[in-house]
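Listed below are the residues making up each chain.
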Amino acid sequence: MAWFKRSSAGIAPQEKKELPNGLWLKCEKCDEIIYQKELDRNLWVCLKCGYHMRMKSKMYIKILLDDGSFEEFNAHIKSVDALKFKAQKRYQDQLKTTVKNTGMNDAVITGFGKINSYPVVFCVMDFSFIGGSMGSVVGEKIAQATKQSIEKKLPLIIISASGGARMMEGALSLMQMAKTSAYIAKLSDLGLPYISIITNPTTGGVTASYSMLGDIIIAEPGALIGFAGPRVIKQTIGQDLPEGFQTSEFLLNHGFIDVIFTRTEMKEKLTLLLEFFGCQKEETDESQEASENSPNE
Amino acid sequence: MDRFVLEFERPLIELEKRIQGMKEYSRDEDVEMSEEIAKLEEKALKLSKDIYTKLTRWQKVQLARHPQRPYTLDHIQRMTRFFIEVHGDRAYGDDPAIVAGFGAIEDEHVVIVGHQKGRTTKEKLYRNFGMPHPEGFRKALKAMKLGSKFHRPIVCLLDTPGAHPGIGAEERGQAEAIARNLFEMSHLPVPILVIVIGEGASGGALGIGVGDRLLMLENTWYSVISPEGCAAILWRDSARADLAADAMKVTSQDLLDMKILDKIIPEPAGGAHRDHDKAAAILKQAILEELEQLKQIPPEILIENRIEKFGKMGFWDESYT
Ligand SMILES: [Zn+2]
């Protein structure tokens, strides 16, 4: 399962483009040059072709959760180099650099939040942290978030973006697939909803565990989703891959995801799903005031 | 018998051949050579200890892949009173890379699922080198669910170089099939005993590897990716697999140190490939002992313990600094 190769190679260019000094960005799909502020306003969806560019975890919190509703938990949990892993660089050094560069302690942010007043447990992965790879910390934080869902009887939402399990943690990272899936099974046994949202790219161990276990599985358009990475498959079979292979649309056609929602409509659709699942709204004073003052009511 | 010999086994194999030759000569020609033979046997014993107690991780990986190593069906054949293999996932097809069925080990009725490799070229292709497609994982789940319905414990034998990476596998939901098994196995209300008997590579192994107890035969490996795969990524050279095996720490002893493994099952001297009968007998004994203990635990506690067991896995830093 060498899905890691392609993804780690894919991190650098995109990250550079996201830096604030790059005021103009080029769409990877249609080559359109777009002003960054414009892109920001359009939720990082290409204005010309609709391509969903990779977006920071913080942006998902901003666009999907009600303003100021997010309360992060377990932000302090950090990775350790349990295996003293050393290849051309040491995992320990890589962690240090990545924490410094991303301002995050690992590849997933977890917390409580509200979606149009529906309280949820919300997890969002970030591909910029070592390719969104799942090591012990991602596994533990997803497990803890699932436990919070169970304890507070809240729906669980996980947004995935990951190159797979984190090789530098060897078998420990592999076991996180079992760990997260086991807690999600427990959540499911208790009748609590879990919504999985898959974004570009999600492959390997994350796809083969919690991403594929949602009561409902949603994908953003055009995302790469698969078990083995396309390069590995190409190498193995020695032939070119069919057009559109391993995209959201491909998975939808083959019956493995339930629905594709664009970023623009995601919040509205999530709200309807939460309503359907019978979740309870929790009006804050502010939101009540807001709806009372709403001219539409 | 001509057989495959690993480089580091060669001195021992050659010495053993010499001893065998002397014994035959002594018997056929009626020549007294017992003293010399005894000396050489002593030497062989020492050599064997030298070789097998100092195996590097990479050498252990090679033993785990030894072409004469006993595979799932070799063990099943030797351990069970009867075994009825079942085929297919009742949706798409049958995957010969995974064997699933029902049988009895002495008086213990069990479901057995395991990866199956082939020995001849033809068999290897038929078994797809022990690399499952989605229907293999789904077949295994079908058998495990049936076992659970009739309150029969499940024994999983892991021996795969990984789940198959291919177009068909992706089209039929390789990721979903593995994820589904992790989900279902985590809450099946019967004892699940998982044993790595050869190679345990990544999701392809874990896909039938969630259980109450994890055991590994001594000379096996289990990790998130094969040493070659890891080397290809990190050193851009799959020939550095020996370095990757050390970096990822893939052996049974390593997994014991990581607190993933519950127990190492010893192999016959020189490795399981040198004595299939003995290897199977040791395995059988280990299975019976573990099941005896697991059967005492009520189902709901079994499931709770299983989830918590995986919940503890991993290392992280929770300090606020
Ligand atoms: Zn575009």
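Residues numbered from 1 in each chain as written. Chains lettered and ligands numbered in written order. Predicted model: local features only at pLDDT ≥ 70, side-chain atom pairs only at ≥ 80, totals over all residues.

(A) Spotlight on the overall build of chain B. Scanning chain B for helices and strands turns up 14 helices and 9 strands. Whereas a compact globule of 321 residues would reach a radius of gyration of roughly 20 Å, chain B reaches 21 Å, a difference of no more than 12%. Each principal axis of the C-alpha distribution contributes one length, and for chain B these read about 65 × 50 × 40 Å. The buried share of chain B, reckoned over its 321 residues, is 50%. (Helix = DSSP H or I, 4+ residues; strand = E, 2+ residues; numbered from the N terminus. Rg over C-alpha atoms; globule rule 2.2 N^0.38 Å. Buried ≥ 20, exposed ≤ 12 C-beta atoms within 10 Å, placed from the backbone.)

(B) Expanded view of the overall build of chain A. Secondary structure assignment for chain A yields 11 helices and 10 strands. If you take every contact in chain A between residues at least 6 apart in sequence, the share linking residues at least 24 apart comes to 68%. (Contact = placed C-beta atoms within 7 Å.)

(C) Representation of the interface of chain A and chain B in the model. The interface of chain A with chain B comprises 56 residues on the first partner and 48 residues on the second. Here the side of chain A that touches chain B gets 17 residues from one element, more than from any other, and that element is helix 6 (residues 170–189) of chain A. When the residues that make up the side of chain A that touches chain B are grouped by side-chain class, the tally is 33 nonpolar, 16 polar and 7 charged. Both strand 4 (residues 78–79) of chain A and strand 9 (residues 316–317) of chain B contribute to a ladder of 2 bridges, which runs antiparallel. The partner of S79 of chain A across the bridge, within strand 9 of chain B, is W316 of chain B. (Nonpolar A, V, L, I, M, F, W, Y, C, P; charged D, E, K, R; others polar. Pairing = 2+ DSSP bridges.)

(D) Expanded view of the confidence of the model for chain B. Per-residue confidence for chain B gives a mean pLDDT of 95, with 99% of residues at or over 70. For this predicted complex, the interface confidence reaches an ipTM of 0.95, while the overall pTM sits at 0.93. (pLDDT = per-residue confidence, 0-100.)

(E) Region of interest: the nonpolar core. Residues V113, C156 and I195 of chain B are the most contacted members of the largest nonpolar core, which totals 161 residues. Top element by residues in this core is helix 6 of chain A. It accounts for 11 residues. (Core = buried A, V, L, I, M, F, W, Y, C linked by C-beta atoms within 7 Å.)

(F) A look at the domain arrangement of chain B. Per the domain assignment, the segments of chain B are domain 1 (7–54) and domain 2 (65–311). The distance between the C-alpha centroids of domain 1 of chain B and domain 2 of chain B comes to 36 Å. (Domains from an automatic or database assignment.)

(G) View of helix 5 (residues 136–152) of chain A. Residue and element names in this part refer to chain A. Spanning 17 residues, helix 5 covers 24 Å between terminal C-alpha atoms, matching the ideal 24 Å at 1.5 Å per step. Listed as buried for helix 5 are S136, V137, V138, G139, E140, K141, I142, A143, A145, T146 and S149. Looking one or two residues past helix 5, K153 carries a phi angle of roughly 55 degrees, positive in sign. (Expected span 1.5 Å × (residues − 1).)

(H) Up close: the environment of E72 of chain A. Residues and elements named next belong to chain A. One can find E72 in strand 3 (residues 71–73). By the C-beta count within 10 Å, which is 13 here, E72 ends up partly exposed. Taking the C-alpha atoms as reference points, E72 and L174, 102 residues apart in sequence, are found 26 Å from one another.

(I) Looking closely at the confidence of the model for chain A. For chain A, the average pLDDT comes to 90, and 88% of its residues sit at 70 or higher. Low confidence marks residues 1–17 of chain A, where pLDDT is under 50. Its contacts with residues over four positions away, or in another chain, come to 44 contacts.

(J) The arrangement of the pairing of strand 4 (residues 154–160) of chain B in detail. Residue and element names in this part refer to chain B. Most of strand 4 is tucked away, with 7 of its 7 residues classed as buried. Residues I154, C156, L158 and T160 point to one face of strand 4 and V155, L157 and D159 to the other, with burial holding for every one of them. The pairing of strand 4 with strand 5 (residues 192–201) spans 6 bridges and is parallel. In the sheet register, C156 faces strand 5, and the bridge partner there is V194.

(K) Focus on the sheet that holds strand 8 (residues 194–202) of chain A. All names here are of chain A. The strand order 3-5-6-7-8-9-10 describes an open sheet built from 7 strands, whose pairing is mixed. Two strands lie at the open edges of the sheet, namely strand 3 and strand 10 (259–260), each paired on one side alone. Relative to strand 5 (residues 108–115), strand 3 runs antiparallel, the two sharing 3 bridges. Residue pairing in the sheet places E72 in a bridge with G111 of strand 5. In the packing of helix 3 (residues 57–64) onto the sheet, contacts are made with strand 5, strand 6 (118–125) and strand 7 (156–162), and the angle to strand 6 comes to roughly 160 degrees. (Axes fitted to C-alpha atoms, helices over the stretch in contact; angles between N-to-C directions.)

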